[in-house]
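Close look at the chain arrangement
For reference, the chains in residue letters:
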Amino acid sequence: MSTATLFSYASDLGAVLLLALGLKGLSKVRSARSANGLAALAMGLAVVGLLIQQSLSLEAWLWIGVGTAIGGLAGVITAQRVPMTAMPETVALFNGCGGMASLLVAVAVALFQSSGADLVALISIVISVFVGAITFSGSVVAMGKLQGWIATPGWTQSQLRHAVNISLAVACLVAGIGLPSDPAGLPLWILVVASSLLGIGVTLPIGGADMPVVISLLNSYSGVAAAAAGFVVGSQLLIVAGAMVGAAGLILTQVMCTAMNRSLVSVLFGGALGGAAPVGGGGDEAGYTRITSCSPEECAMALETAERVVFVPGYGLAVAQAQHTLRELAKLLEANGAEVSYAIHPVAGRMPGHMNVLLAEADVPYEQLLEMDTINPDFPRTDVVIVLGANDVVNPDAKSDPTSPLFGMPVLEVDQARQVFVVKRSLGAGYAGIKNALFELPQTAMVFGDAKAVLAGLVSELRELGVGKKTPTAV
Ligand code: NAP
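Residue numbers run consecutively from 1 along every chain, following the written order of its sequence. Residues qualify for local features only when their pLDDT is at least 70, as the model is predicted, and side-chain atom pairs are given and counted only at 80 or more; totals for whole chains, interfaces and linings, by contrast, use all residues. For the side-chain quantities, the full set of heavy atoms in the structure was used; hydrogens and water were omitted.

Numbering of helices and strands starts at the N terminus; helices are DSSP runs of H or I of at least 4 residues and strands are runs of E of at least 2. Within the protein, the secondary structure is distributed over 17 helices and 6 strands. Classification of residues uses two cut-offs on accessible area relative to the type maximum, computed with a 1.4 Å probe and protein chains only: under 20% is buried, over 50% is exposed, and between them is partly exposed. The burial tally for the protein puts 48% of its 475 residues in the buried class. A contact between two residues is defined here by any heavy atoms of the two lying within 4.5 Å. Sequence-distant contacts, at least 24 apart, represent 79% of the contacts inside the protein between residues at least 6 apart. Charged residues are defined narrowly, with Lys and Arg counted positive, Asp and Glu counted negative, and His plus the chain ends left uncounted. Where a charge lies is defined by one atom per residue type, namely NZ (Lys), CZ (Arg), CG (Asp) and CD (Glu). Charged side chains in the protein number 23 positive and 31 negative. The centres of these two groups are separated by 2 Å.

Printed below as a string of structure tokens:
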């Protein structure tokens with residue numbers, strides 16, 4: 001065995017181990033950043049190992065160098081420019097790139113290297129093209145919907161979409177069966193086009209609060225497409241890495257479905273949760289009749305005497321980038337003797353773990369972040385709840401109104417608390433585009449304004465009241 005092959009085996013093994021460690025580390029906020037680094041190192045090692053094993057010409061090295069430079073530059077610029085609030089769109093785009101890469105590899109092999117290929121390789125080409133194309137087009141649509149560029153067309157909410165999607169699936173099946181006998185011919189192109197349209201057809205109807213499930217499912221697909229591409233090019237490393245991404249994405253999809261009390265089948269084939277509402281907010285301010293609003297000063301007075309305070313962060317907190325001001329307020333309240341915690345809903349914000357990451361940026365102690373199942377029983381003994389730019393995840397209709405599009409999704413039961421202040425800029429809807437019954441409850445008061453400005457106002461009001469200077473009363 002040559003030294004190059006030996007090195008390649010060693011780098012493959014090292015890459016797989018690092019990737020597994022990286023995935024494990026991603027399950028905890030504290031280790032997530034270094035885990036990401038490990039996974040990136042794994043990919044680097046895998047690429048270097050593979051390149052060294054090939055006896056590449058100078059021209060090939062040149063192409064690889066140019067491709068790496070362009071891709072690397074695009075990655076660096078994206079990473080620096082994309083705000084946290086646009087991460088779901090970025091993740092959708094990355095999933096799409098993964099799908100497209102697998103698609104291109106499979107098409108290239110089908111066109112140029114398929115003569116004499118065995119049936120397993122040809123079936124792998126079919127799977128890689130099919131899943132890769134669906135992942136690519138579906139991810140582009142998902143990104144467009146999250147950005148608010150693409151609306152949910154009315155026809156996709158009718159039975160017509162099932163007819164369209166079934167026809168496309170049949171076309172994919174026929175082309176897939178025909179491909180092994182003519183790998184570089186018409187079936188290949190029919191498969192590419194029909195699978196791409198199927199990706200659009202399946203993703204287009206999904207909207208409202210179901211989008212997180214779609215993103216994680218597409219993430220899983222990108223792994224399946226990569227694993228299939230691994231079979232196509234005979235790369236064990238790609239098979240293992242793709243399988244890991246596919247499995248991790250599937251687990252995340254299951255977690256998101258459970259968090260929203262939705263089955264995967266109802267997400268993919270049922271009506272859109274939140275209907276065809278414009279994704280990303282908007283909504284109607286009319287329709288509220290019993291709204292009580294108050295100033296930061298009044299809210300500060302309630303906080304001054306509160307013994308137990310729960311903050312509920314949502315997407316608006318991320319938009320306002322108010323996490324540091326929130327931490328400042330929490331420290332003041334703690335200095336005043338209050339018990340402070342943060343209620344974390346699994347789909348708050350716009351990506352899994354969004355609120356955990358946001359609050360970790362402000363060094364909020366991890367043990368103060370309480371998950372929905374832990375915090376819900378505590379709301380009845382909570383003096384003050386401050387809802388910060390959250391909307392759908394605190395909508396009580398999800399529990400009580402069977403006609404609500406959110407019905408069935410577990411929510412943070414803040415309506416059980418003694419007093420609730422909702423900080424947001426208007427009466428506008430959240431992601432699902434629907435009214436929130438919480439705003440009209442007698443114990444709720446709206447504090448209108450940007451979350452950061454309101455929190456800064458609360459901090460200065462509390463300081464004026466002398467909070468933070470007093471010694472907390474012994475309990
Ligand atoms: P939400 O329901 O989208 O509501 C966010 C609220 O923040 C809006 O009502 C908005 O009201 C307010 N807001 C925006 N900017 C603000 C600012 N600068 N200051 C104060 N408030 C501001 O958010 P959520 O309660 O966190 O729920 C998340 C939703 O997104 C769920 O429906 C979930 O299914 C969906 N989703 C989640 C993910 C995920 O993976 N976590 C991914 C995609 C979608 P105003 O405009 O009146 O200020």
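The structure having been displayed, the exposition proceeds.
Another point: the site of the ligand. Nearness here has a simple test: a residue counts as near a molecule or strand if at least one of its heavy atoms is within 4 Å of that partner. Around the ligand, a shell composed of 29 residues is seen, among which Asn391, Asp392, Arg425, Ser426 and Asp450 lie nearest. Between N or O atoms, a polar contact is any pair within 3.5 Å; within protein, one atom must be a potential hydrogen donor and the other a potential acceptor, and residues adjacent in sequence are included only when both atoms are from side chains. The separation between a nitrogen atom of the ligand and a polar main-chain atom of Ala348 is 3.3 Å. Within the side chain of Lys424, one N or O atom sits 2.9 Å away from an oxygen atom of the ligand. Reported accessibility uses the Shrake-Rupley method at a 1.4 Å probe radius. Residues are deemed covered only where the shown protein chains occlude them. Look at the ligand: alone it shows 930 Å² of surface, and the protein chains cover 96% of it. Polarity classes work like this: nonpolar for Ala, Val, Leu, Ile, Met, Phe, Trp, Tyr, Cys and Pro, charged for Asp, Glu, Lys and Arg, and polar for all others, with Gly in that last group. Within the shell around the ligand, the residues separate by chemical class into 15 nonpolar, 9 polar and 5 charged. A domain assignment, automatic or from a database, supplies the domain bounds used here. A domain split of the shell around the ligand shows at least three residues from each of domain 1 (3-269) and domain 2 (296-464).

What follows deals with the side chain of Asp383. Residue placement: Asp383 occurs in the loop between helix 15 (372-375) and strand 4 (384-388). Judged by relative accessible area, which is 18%, Asp383 ranks as buried. Among the polar contacts made by the side chain of Asp383, one reaches the main-chain amide nitrogen of Arg308 at a distance of 2.9 Å. Not counting chain neighbours up to four residues away, the residues in contact with Asp383 comprise Ala306, Glu307, Arg308, Arg418 and Gln419.

Its identity as a non-glycine residue notwithstanding, Gln321 has a phi of 50°, on the positive side. Tracing the backbone shows Gln321 in the loop between helix 12 (315-320) and helix 13 (323-335).

A few words now on the sheet that holds strand 5 (residues 419-424). Picture the strands of a sheet paired through backbone hydrogen bonds; they go either parallel or antiparallel. Strand order across the open sheet formed by 6 strands is 3-2-1-4-5-6, with parallel pairing between neighbours. Of all the strands in the sheet, the pair left with one neighbour each is strand 3 (369-371) and strand 6 (444-448). Shown here is a sheet whose adjacent strand axes are inclined to one another by a mean of 25°, direction ignored. Its contacts with the sheet place helix 11 (residues 296-305) against strand 1 (308-313), strand 4, strand 5 and strand 6, and it is angled at close to 140° to strand 4. Here, any two strands with at least 2 DSSP bridges between them count as paired. Angular values range over 0 to 180 degrees, each being the angle between N-to-C directions of two axes fitted as lines to C-alpha atoms, with helices fitted over their stretch in contact.

Once that is clear, we can look at the domain arrangement of the protein. By domain assignment, the protein separates into domain 1 (3-269) and domain 2 (296-464). The gap between the C-alpha centroids of domain 1 and domain 2 is 36 Å. With 17 residues of domain 1 at the interface, the matching set in domain 2 holds 21 residues. Taken together, both faces of the contact between domain 1 and domain 2 bury some 1,500 Å²; the carbon and sulfur share is 76%. Counting the surface domain 1 buries against domain 2, the share from its top three residues, Val29, Met84 and Thr85, is 36%. Here a salt bridge means any side-chain nitrogen of Lys or Arg lying within 4 Å of a carboxyl oxygen belonging to Asp or Glu. If you look at where domain 1 meets domain 2, you find 0 salt bridges. Here the quantity called buried area is the accessible surface, traced with a 1.4 Å probe, that two parts lose on coming together, added over both.

A word on the side chain of Ser102. Position of Ser102 among the secondary structure elements: in helix 4 (residues 87-112). Assessed through its relative accessible area of 4%, Ser102 is described here as buried. Polar side-chain contacts of Ser102 include one of 3.4 Å to the backbone nitrogen of Ala226. Discounting residues that sit within four places of it in the chain, Ser102 has contacts with Ser128, Ala225, Ala226 and Ala229.

Should their charged atoms come close, side chains of opposite charge can pair. A complete count under the given rule lists 7 salt bridges for this structure. Here Arg418 makes a salt bridge to Asp383, at a shortest N to O gap of 2.5 Å. With Arg418 in the loop between helix 16 (397-400) and strand 5 and Asp383 in the loop between helix 15 and strand 4, this pair connects stretches of sequence that are 35 residues apart. Residue Lys435 pairs with Glu440 through a salt bridge whose shortest N-O separation is 3.7 Å. Since its relative accessible area comes to 39%, Lys435 is described here as partly exposed. Taking the relative accessible area as the measure of exposure, Glu440 reaches 10% and is therefore buried. Bridged by salt links that share partners, the residues Arg308, Glu339, Asp378 and Arg381 form one connected network.

So, about a nonpolar patch on the surface. Patch membership requires more than 30% relative accessible area and the absence of a salt bridge. Residues of like charge join within 9 Å; the nonpolar side chains Val, Leu, Ile, Met, Phe, Trp and Tyr join within 5 Å. A cluster of nonpolar residues, Leu119, Ile123, Ile127 and Val224, forms a patch on the protein surface that exposes about 330 Å² of accessible area. No other element matches the 3 residues that helix 5 (residues 119-147) contributes to the nonpolar patch. Within the fold, Leu119 resides in helix 5. What makes Leu119 exposed here is its relative accessible area of 53%.

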